[in-house]
Amino acid sequence: MKIVIAIGGSILLQSYDYKKFQEYSDILKKLNNQHELFVVVGGGKPARDYINIVRELNAGEAQCDDIGIEVTRINAKLLLTSLGDVAYQKIPHNFQEALEYSAIGKIIVMGGTEPAHSTDAVSAILAEYVKADMLINLTSVDGMYTKDPNKYDDAELIDEITAEKMLDFISGKDTKAGTYEFFDMTAIQMIKRSSLKTVIANGYDSQNLLKIINGEKIGTKIVPKK
Ligand code: UTP
């Protein structure tokens, strides 16, 4: 399968050291024997910290986004270092470059592209662009909930949802640099218009990636409209 995998910065930098980068690179190396892989890496706390600094310096929102993008590319570079020769050692800055670099047959790793969205959107646009069979978004929660699980005890995990319903849920949420909500609108629009087979799951347990690819029911699956 051709698979696009988004890994949140909060996952990779959970313990602020090399461990998650190594853990994921070991799994990606295994998967690479059977699948064509594109990985999109998020910014996490360092991106938010730098965005806060530059915002204090009076930068506009798009400029703040640009700082966030730079940080995602640093994280992508760390994962590339860990992957070594199985990955193409240059970070695509746009989708055309990602497609071009993939012709070599190695794992492609990238961060952000342009302002006004998060790496969730990058992964969904990339999945469209390269005609991926599957999009997997590894994030810091178990999937999509009926309500914010941090605020409500009766929040329930949704195991299947249509992109249309997700859009209803998420519309109206904040979209400032560094604060893109649980899953950004652009990403859902892409999933909707191209019926991308998508799973959102908890990435703190890196084994979840293998389980999803093996067809186990984990996280929230985005399904076509019934
Ligand atoms: P992330 O994709 O990591 O955003 O990009 P996020 O949702 O805030 O963070 P995590 O990783 O899931 O915790 C970090 C920031 O970089 C900018 C945005 O400001 C985003 O919030 N960014 C990223 C862009 O503007 N464009 C991109 O293509 C990617």
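In case you missed it, the structure is sitting above this.
The present account deals with the structure reproduced in this document. (Residues numbered from 1 in each chain as written. Predicted model: local features only at pLDDT ≥ 70, side-chain atom pairs only at ≥ 80, totals over all residues. Heavy atoms only, no water.)

**Focus on the layout of surface pockets**
The method is simple in principle: a probe with the dimensions of a water molecule rolls over the atoms, and the space it marks as empty is what remains.
Phase 1: For the second largest pocket, the calculated volume is near 240 Å³.
Phase 2: Along the wall of the second largest pocket there are 15 residues; nearest its centre are Val-199, Gly-215, Glu-216, Lys-217 and Lys-221. (1 Å grid on protein atoms, 1.4 Å probe; cavity = no way out; pocket = protein on both sides within 12 Å on 5 of 7 lines; lining within 4 Å. Points joined across faces, edges and corners; volume = space filled by probe spheres on them.)

**As for the environment of Glu-36**
Phase 1: Assignment of secondary structure puts Glu-36 in strand β2 (residues 36–41).
Phase 2: Between the C-alpha atoms of Glu-36 and Val-130, which are 94 residues apart in sequence, the distance is 11 Å.
Phase 3: If we ignore the near neighbours within four places in the chain, the residues touching Glu-36 are Met-1, Lys-2, Ile-3 and Ser-102. (Helix = DSSP H or I, 4+ residues; strand = E, 2+ residues; numbered from the N terminus. Contact = heavy atoms within 4.5 Å.)

**Quick look at the packing of helix α2 (residues 19–31) against helix α4 (residues 61–83)**
The relative placement of two packed helices comes down to the angle between their axes together with the axis-to-axis distance.
Phase 1: Interhelical geometry of α2 versus α4 gives an angle of 55° and a closest axis separation of 9 Å. The pairing of α2 with α4 is recorded here as oblique in orientation. In terms of crossing hand, the pair formed by α2 and α4 is right-handed. Touching Phe-21, Gln-22, Ser-25, Leu-28 and Lys-29 of α2 are Asn-75, Leu-78, Leu-79, Ser-82 and Leu-83, all from α4.
Phase 2: Looking at side-chain class alone, the contact of α2 with α4 contains five nonpolar, four polar and one charged residues. (Axes fitted to C-alpha atoms, helices over the stretch in contact; angles between N-to-C directions. Parallel < 35°, antiparallel > 145°, perpendicular 65-115°, else oblique. Left-handed = near helix turned anticlockwise from the far one by under 90°. Nonpolar A, V, L, I, M, F, W, Y, C, P; charged D, E, K, R; others polar.)

**A closer look at the environment of Asn-32**
Phase 1: For Asn-32, the location among the structural elements is in the loop between α2 and β2.
Phase 2: Separated by 74 residues in the primary sequence, Asn-32 and Lys-106 have C-alpha atoms spaced 8.2 Å apart.
Phase 3: The residues touching Asn-32, leaving out its near neighbours within four places in the chain, are Leu-37, Val-86 and Ile-107.

**Things to note about the sheet that holds strand β6 (residues 198–202)**
Phase 1: The seven strands lie next to each other as β3-β2-β1-β4-β6-β7-β5, forming an open sheet whose pairing is mixed. In this open sheet, the two strands that pair with only one neighbour each are β3 (108–110) and β5 (160–162). With direction set aside, neighbouring strand axes in the sheet form an average angle of 20°. (Pairing = 2+ DSSP bridges.)

**Observations concerning the pairing of strand β1 (residues 2–7)**
Phase 1: Counting buried residues in β1 gives five out of six residues, a clear majority hidden from the surface.
Phase 2: Summarising the sheet, β1 and β2 pair through six bridges and their orientation is parallel. Looking at the pairing, Lys-2 lines up with Glu-36 of β2. (Buried < 20%, exposed > 50% of the residue type's maximum accessible area, 1.4 Å probe, protein only.)

**Here we look at helix α5 (residues 95–102)**
Phase 1: Among the residues making up α5, those that are buried are Phe-95, Ala-98, Tyr-101 and Ser-102. Seen from one end, α5 has its buried residues packed into an arc of 125°, which puts them on one side.
Phase 2: In this fold, the buried residues of α5 make contact with β2, β3 and α6 (119–129).
Phase 3: By the N-cap criterion, in which a side-chain oxygen at the helix start approaches the backbone nitrogen of a residue two or three places on, α5 is capped by Asn-94, the distance to Gln-96 being 3.2 Å. (Arc of directions from axis to C-beta. Polar contact = N/O pair within 3.5 Å; in protein donor to acceptor, adjacent residues only side chain to side chain.)

**Section: the pattern of salt bridges**
Oppositely charged side chains can form a pair if their charged atoms are brought close together.
Phase 1: If you walk through the whole model with that rule in mind, you get seven salt bridges.
Phase 2: For Lys-106, the salt bridge goes to Asp-85, with nearest N and O atoms at 3.0 Å. On the criterion of sequence distance, the pair formed by Lys-106 in the loop between α5 and β3 and Asp-85 in the loop between α4 and α5 is long-range, its members being 21 residues apart.
Phase 3: Across the salt bridge formed by Glu-128 and Arg-193, the nearest N and O atoms sit 2.7 Å from each other. Taken together, the positions of Glu-128 in helix α6 and Arg-193 in helix α8 (residues 185–194) put the pair 65 residues apart, joining distant regions of the chain. (Salt bridge = Lys/Arg side-chain N within 4 Å of Asp/Glu carboxyl O.)

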